[in-house]
Amino acid sequence: METLTKKMVFTDASMIITEACVRAGSDVFIGYPITPSNRFYQYGTQRFPSFLAGPDEITVMQWMSGFSAAGKFPVTATAFPGLALMAEGLNMAYAMELPMLLILTQRLGPSTGSATTGAQGDLMFLNGLISGKYPIPVFSHSDFEDAWDMTYESIKMAIKFRTPVVLLTSKELVMTNKSFDINKLKEIIPVKKFSTEVIEPYAPYKTGEEMVPAYIPLGDEKYQVRINASTHNDAGLIKKNDPESMANTKRLKEKFEKRIDEFTFYDYDKEEKAKKLIVTYGISADASRDAVGKLREEGEMVSLLIVKTLLPVPGAILDIINTYDEIVFVEENISGIYKEILFGVDHNPKIKSVNKIGNLISPTEIIKAVKQ
Amino acid sequence: MKKILTKMKMPFCQGCGHGIIVRSIAKALEQLGYENKDTIIVSDIGCSGLVDPLFDTHSIHGLHGRAPALGVGVSLGLDNPGKKVIVIQGDGGVTIGLQHVLEAARRNIDITLVVMNNLLYGMTGGQISGLSTRKFKEQRDFEVDVPPFDIVKLAHVSGAAFSARATSIKTYPDVMKEALEVNGFSIVEFSSLCTSYAFKKLDQLQEVIEPPEIFKNERIPVRIHQRVTNSLFDKLDVVEKQFDSKIKSGIGVVVAGSAGGGVQSAAKMLATAGMLSGLHATMKGEYPVTVGTGFSVAEVILSRSYVNYTGLEKPDVVIIVSEDGLNKVRGKIKDNDTVIIDSSLKTDEYPDAIYGDFVRNAGKRGAALAALAYWLKNSTLIDVDALKKAVSTHKYSKVLLEAIDKGMS
Ligand code: SF4
């Protein structure tokens, strides 16, 4: 409902994301404590309909998969060390096509690095996380409002496409408090979980036009459900080197590619006639917004693209980028991971990169790079 | 009633013990009256992981060793407690995922775990597992005298409602029935002969099998509870503008002290006071992972406009109330900052700094807030009454208000 009154509170994005999860219909938070995702855990214990404390991240991913297979929507939050332990389980959930949300709060690596220092270092790992480089959807947020919106979109996507979704964030994004008008947040309607339209005769992995199998939970009274992480046929049974099974495997990529327009999210602040474009995401977006504001005050023409659908890479993002003569990527990591995903490691004179570790990239550093 | 098993031929090698176990599970289910869709088979990796198509039930096939954890999730996620979750794995699966078995037992989750123990990894060529025997033929160097895990006893001491080992084929269906009737976590280790590798790899085959046994714990199974909760936002104070501020565009304040010294809460009060004065506020804290020792630093930005970038390229005001805090911000203070330091800190690094007796007057826990009040009173950028208003809803408001008064005196 539209409202004109303001409701100013002092909060953080961990709270906003947790609240959005529950409003969108998430059933259970399964947590293993890790900095800087601890606020999710703490808010999760207070707000989720159910909460479970896992003994390690491998178990967390298995419990989540079990819940999801039984028809409940699970959420967890972790950081890279936890994600690394979940990698095999995430491949399993991905192959089984189980909806779930993983909130990944990035911190400085490698290894345990600095638990309380933010970073944007995990996108490359996510890009290759699924063996065979099948795309796992990775969304990011850049302020409180889109923390809310992108959480909602992540859950909608997870259920619509029957897939684990990663909401990529970082320490400073979810642990910085800000004054915020919560009346700005849009209404969230709980996402309907189960399929009502089933192609008869039912087979657990049979799909139609949408390329996503019906979501029927284990234990269903009408349909016999078989879920499988190994290469499987439509019946959900292991079948090697068989056209139906191979089609099912390929479909894991195709379902996203074919329908990518349904989940392409970005903020494009276009300056007419600008030849320069700043491309960024997540925690570096705020500094980029400030930098663009100052550059324009100084008469510099520059556009800003804040990417929210990081993976798989939507064509729309590349279409925008390709209209510019000079592109400046801003990311808090050592080499420019997103840049490398889009353009590889080859030196391209059109592309600049502002990178830093251990601290936020400042607007001043971005301005300097754009002016160079 | 429909048969629990499909018509599929057993996929195991000739004479493999796994087929007998599968038939025993089916027989027990049928005798207990379970229908096909009442049962969910959760399978692991290895020869034991070939069972899915044998059961004409629901099934889920996961990873090596993780099936008990997957089964826990399924069991807790089901709305209908009348469904039976049966997890099947081998001794290799138990070895790699031992934690999951103990965790399920500890919580007494309502699943039945079937361990097909053939004392080796069959699918990969007969290697030794954690549940194998000392009679393994292959050279194992110093491991020769290492005993196998007794998963039955381990599950029992972890809290399983029912733990059993069955070694004679005749007893299989009955032991399985008993396990299925348990409300909670039950585990049965069945001895299974791997015809492909057992004779090659094991000595004195009769002796390697542990004796049958049954253990019980009287326990209620853990079930998941669905709660109705309130919005997290309900707990937040809604702040409305009640005061005016002289801050023109924006100001950045750093409060540096020791953990446990009220630094973070003082900074939050300042942010709230800013909001009460119609300003936008941001705050971030930095402190070691330990609690109550070392530094505690907070950064607050108060601004007329919405704050995007929350990094402080250069603070305007730095308040230091302890040695830990001083050490942490040293080097970050620029020439033209306002620096307010507690007089107990003898430092001549900042010749223009203002000194005050915050710790002596307001105590260690009140010093940060007292110093903020002192700064506000002298700068008049924000009304001190806004700070007082900010602390008024705090559970220790009385002490905090005293600290503010001490800071201003
Ligand atoms: S390898 Fe051994 S355990 Fe596996 S099916 Fe053959 S006999 Fe059975």
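Predicted, not measured: the structure shown is a model, and the values here were computed from it. Each residue is numbered by its place in its chain's sequence as written, counting from 1. Throughout, the order in which chains and ligands are written sets their labels, letters from A for the former and numbers from 1 for the latter. The predicted nature of this model means local features are confined to residues of pLDDT at least 70 and side-chain atom pairs, given and counted, to a pLDDT of 80 or more, with totals for whole chains, interfaces and linings taken over all residues. Each side-chain value is worked out from all heavy atoms of the structure, with water and hydrogens disregarded.

Explain the overall build of chain A residue by residue, including any values.
Put simply, DSSP marks the helices as runs of H or I at least four residues long and the strands as runs of E at least two long, and each gets a number from the N terminus on. From N to C terminus, chain A includes 12 helices and 16 strands. Throughout, radius of gyration means the C-alpha value; the globule benchmark is 2.2 Å times the number of residues raised to the power 0.38. By the compact-globule yardstick of 21 Å for 372 residues, chain A fits well, its C-alpha radius of gyration being 21 Å. Overall, chain A is about 65 × 45 × 45 Å in size when its C-alpha atoms are taken along their principal axes. Residue contacts are counted whenever heavy atoms from the two residues lie within 4.5 Å of one another. The long-range share in chain A, meaning contacts at least 24 apart out of those at least 6 apart in sequence, stands at 73%. Accessible surface for chain A amounts to roughly 13,700 Å². Of this, 53% is attributable to carbon and sulfur atoms. In this tally, Asp and Glu contribute negative charge and Lys and Arg positive charge; neither His nor the terminal groups of the chain are included. The location of each charge is read from NZ of Lys, CZ of Arg, CG of Asp or CD of Glu. Mean positive and mean negative side-chain charge positions of chain A (42 and 47 charges, respectively) differ by 0 Å. Accessible surface area values rest on a Shrake-Rupley calculation with a 1.4 Å probe, where residue burial reflects the displayed protein chains alone.

If you had to explain the side chain of Asn108(B) to someone new, which residues and values would you point to?
All names here are of chain B. Structurally, the position occupied by Asn108 is in the loop between α4 (98–107) and β4 (112–117). Here Phe185 takes part through its backbone nitrogen, which lies 2.7 Å from a polar atom of the side chain of Asn108. Every residue in contact with Asn108, bar those within four places of it in the chain, is listed here: Gly159, Ala160, Ala161, Asn183, Gly184, Phe185, Arg219, Ile220, Pro221 and Val222. Polar contacts here mean pairs of N or O atoms no more than 3.5 Å apart (in protein, one a potential hydrogen donor and the other a potential acceptor; neighbouring residues in sequence count only if both atoms are side-chain atoms).

Residue-level account of the domain arrangement of chain A, with values.
Residue and element names in this part refer to chain A. Per the domain assignment, the segments of chain A are domain 1 (8–184) and domain 2 (265–371). Either an automatic procedure or a domain database provided the assignment from which the domain bounds are taken. Here the C-alpha centroids of domain 1 and domain 2 sit 25 Å apart. At the junction of the two partners, domain 1 supplies 28 residues and domain 2 supplies 26 residues. Buried area is a sum: the accessible area each of two parts loses on coming together, probed at 1.4 Å, counted once for each and added. Considering only the side of domain 1, the residues that lose the most area to domain 2 are Gln120, Leu123 and Ser142, jointly responsible for 32% of the buried surface there. Salt bridge criterion: a side-chain nitrogen from Lys or Arg within 4 Å of a carboxyl oxygen from Asp or Glu. Put simply, domain 1 and domain 2 have three salt bridges between them. For Lys178, the salt bridge is made with Asp286, and the minimal N-O distance between the two is 3.6 Å.

Describe in detail the domain arrangement of chain B, supporting the description with residues and values.
Domain parsing of chain B yields domain 1 (18–216) and domain 2 (241–408). Put simply, the middle of domain 1 of chain B and the middle of domain 2 of chain B, counted by C-alpha atoms, are 61 Å apart.

Residue-level account of the confidence of the model for chain B, with values.
Mean pLDDT over chain B: 92, with 97% of residues reaching 70 or higher. Scored as a whole, the predicted complex attains pTM 0.96, and scored at its interfaces, ipTM 0.96. The predictor's confidence in any single residue is recorded as pLDDT, a number from 0 to 100.

Would you mind going over unusual backbone geometry in detail, with residue names and values included?
With an omega dihedral of 0°, the bond running from Thr35(A) to Pro36(A) counts as a cis peptide bond. In this structure, Glu97(A) takes a positive phi of about 65° despite not being glycine. With respect to the secondary-structure elements, Glu97(A) resides in the loop between α4 (80–96) and β5 (100–108). Although it is not a glycine, Leu119(B) adopts a positive phi angle of roughly 65°. Judged by relative accessible area, which is 9%, Leu119(B) ranks as buried. Only protein chains enter the calculation, and the probe is 1.4 Å; a residue is then buried if its accessible area is under 20% of its type maximum, exposed if over 50%, and partly exposed in between.

Could you give an account of the packing of helix α12 (residues 384–392) of chain B against helix α13 (residues 397–408) of chain B, naming the residues involved and the relevant values?
Residue and element names in this part refer to chain B. In the contact formed by α12 and α13, the axes pass within 9 Å of each other and the chain directions differ by 160°. Taken together, α12 and α13 sit at an angle that is classed as roughly antiparallel. Seen from above, α12 lies across α13 with right-handed handedness. Facing α12, whose interface residues are Val384, Leu387, Lys388, Val391 and Ser392, α13 presents Ser397, Leu400, Leu401, Ile404, Asp405 and Met408. When the residues that make up the contact of α12 with α13 are grouped by side-chain class, the tally is seven nonpolar, two polar and two charged. In this analysis an axis means a line fitted to C-alpha atoms, helices contributing only their contacting stretch, and an angle means the value between N-to-C directions, from 0 to 180 degrees. Each angle is binned into one of four classes, with values under 35 degrees roughly parallel, values over 145 roughly antiparallel, values of 65 to 115 roughly perpendicular, and all other values oblique. Crossing handedness is read from the near helix: turned anticlockwise from the far helix by less than a right angle, it gives a left-handed crossing, and turned clockwise, a right-handed one. Charged residues are taken to be Asp, Glu, Lys and Arg, nonpolar residues to be Ala, Val, Leu, Ile, Met, Phe, Trp, Tyr, Cys and Pro, and polar residues to be all remaining types, Gly included.

Could you give an account of the interface of chain B and chain A, with specific residues and numbers?
Each partner contributes residues to the interface: chain B has 63 residues there, and chain A has 72 residues. Between chain B and chain A, a total of about 5,700 Å² is buried, with carbon and sulfur atoms accounting for 58% of that surface. On the chain B side of the interface with chain A, the three residues burying the most area are Leu232(B), Phe233(B) and Tyr309(B), jointly 13% of the side's total. Across the chain B-chain A interface, the total number found is three salt bridges. There are 39 residue pairs in polar contact (both at pLDDT 80 or more) connecting chain B and chain A. For the side of chain B that touches chain A, the leading source of residues is helix α2 (residues 67–77) of chain B, giving seven residues. Of the residues that constitute the side of chain B that touches chain A, the class distribution is 27 nonpolar, 22 polar and 14 charged. Sheet topology places strand β9 (residues 177–181) of chain A next to strand β9 (residues 280–286) of chain B; two bridges connect them, and they run antiparallel. When the bridges of β9(B) are listed, Lys178(A) appears paired with Thr282(B). Strands pair, by our definition, only if DSSP identifies at least two bridges between them.

Which residues make up the pairing of strand β16 (residues 351–355) of chain A, and what are the values?
Here five bridges tie strand β15 (residues 326–331) of chain A to β16(A), and the two strands are oriented parallel to one another. What sits directly across from Glu331(A), in β16(A), is Asn355(A).

If you had to explain the pattern of salt bridges to someone new, which residues and values would you point to?
Scanning all chains against the criterion turns up 45 salt bridges over all chains. In this structure, the salt-bridge partner of Glu262(A) is Lys160(A), at a minimum N-O distance of 3.0 Å. Separated by 102 residues along the polypeptide, Glu262(A) in the loop between α8 (243–258) and β11 (266–269) and Lys160(A) in helix α6 (residues 144–160) bring together distant segments of the chain. Looking at Glu262(A), the relative accessible area reads 36%, which means it is partly exposed. Two residues, Asp405(B) and Lys388(B), come together in a salt bridge whose shortest N-O distance is 3.5 Å. One end of the pair, Asp405(B), is in helix α13; the other, Lys388(B), is in helix α12, and 17 residues separate them in sequence. With relative accessibility at 39%, the residue Asp405(B) sits in the partly exposed group. Exposure remark for Lys388(B): the relative accessible area of 24% places this residue in the partly exposed category. In this structure, a network of salt bridges that share partners links the residues Asp150(B), Lys153(B), Arg165(B), Glu189(B) and Glu213(B).

If you had to explain the site of the ligand to someone new, which residues and values would you point to?
Taken together, Phe12(B), Cys13(B), Cys16(B), His18(B), Cys47(B), Asn118(B), Gly122(B), Cys194(B), Thr195(B) and Ser196(B) are the residues near the ligand. When its residues are assigned to classes, the shell around the ligand shows five nonpolar, five polar and no charged. We call a residue near a molecule or strand whenever a single non-hydrogen atom of that residue lies within 4 Å of it.

Give me the nonpolar core: which residues, what numbers.
Residues enter a nonpolar core if they are buried and are Ala, Val, Leu, Ile, Met, Phe, Trp, Tyr or Cys, with the set joined through side-chain atoms within 4.5 Å. Counting 155 residues, the largest nonpolar core has Leu123(A), Ile278(A), Tyr338(A) and Phe185(B) as the members making the most contacts within it. In terms of residue count, α6(A) provides more of this core than any other element does, nine residues in total. Within the second largest apolar cluster, 48 residues are counted, among which are Met8(A), Val253(B), Ala370(B) and Met408(B).

Give a description of the packing of aromatic side chains that names residues and reports values.
All names here are of chain A. Whether two aromatic rings pair depends on their centres lying within 6.5 Å, for rings of Phe, Tyr and Trp, where Trp uses its six-membered ring; planes under 30 degrees apart make the pair stacked, over 60 edge-to-face, and the rest tilted. By the definition in use, this model includes 19 aromatic pairs over all chains. An angle of 5° between the planes, with centres 5.7 Å apart, marks the rings of Phe29 and Phe51 as stacked. Taken together, the residues span a long stretch of sequence, with Phe29 in strand β2 (residues 28–31) and Phe51 in strand β3 (residues 50–53) at a distance of 22 residues. Phe51 gets classed as partly exposed once you look at its relative accessible area, which sits at 22%. Considering the side-chain rings of Tyr281 and Tyr338, the 5.7 Å spacing of their centres and the 65° angle between planes classify their relative orientation as edge-to-face. Taken together, the residues Tyr281 in the loop between β12 (276–280) and α9 (284–297) and Tyr338 in helix α11 (residues 337–343) connect sequence positions 57 residues apart. Look at Tyr281 and you get buried, because its relative accessible area is 1%. Members of the aromatic cluster, each reached through a chain of ring pairs, are Tyr94, Phe139, Phe161, Phe256, Phe263 and Phe265. By definition, being over a ring means that NZ of Lys or CZ of Arg is both within 6 Å of the ring centre and within 35 degrees of the ring normal. Cation over ring: Lys156 sits above Tyr152, and NZ or CZ is 4.3 Å from the ring centre. The ring of Phe161 carries the charged tip of Arg259 above its face, separated from the ring centre by 4.4 Å.

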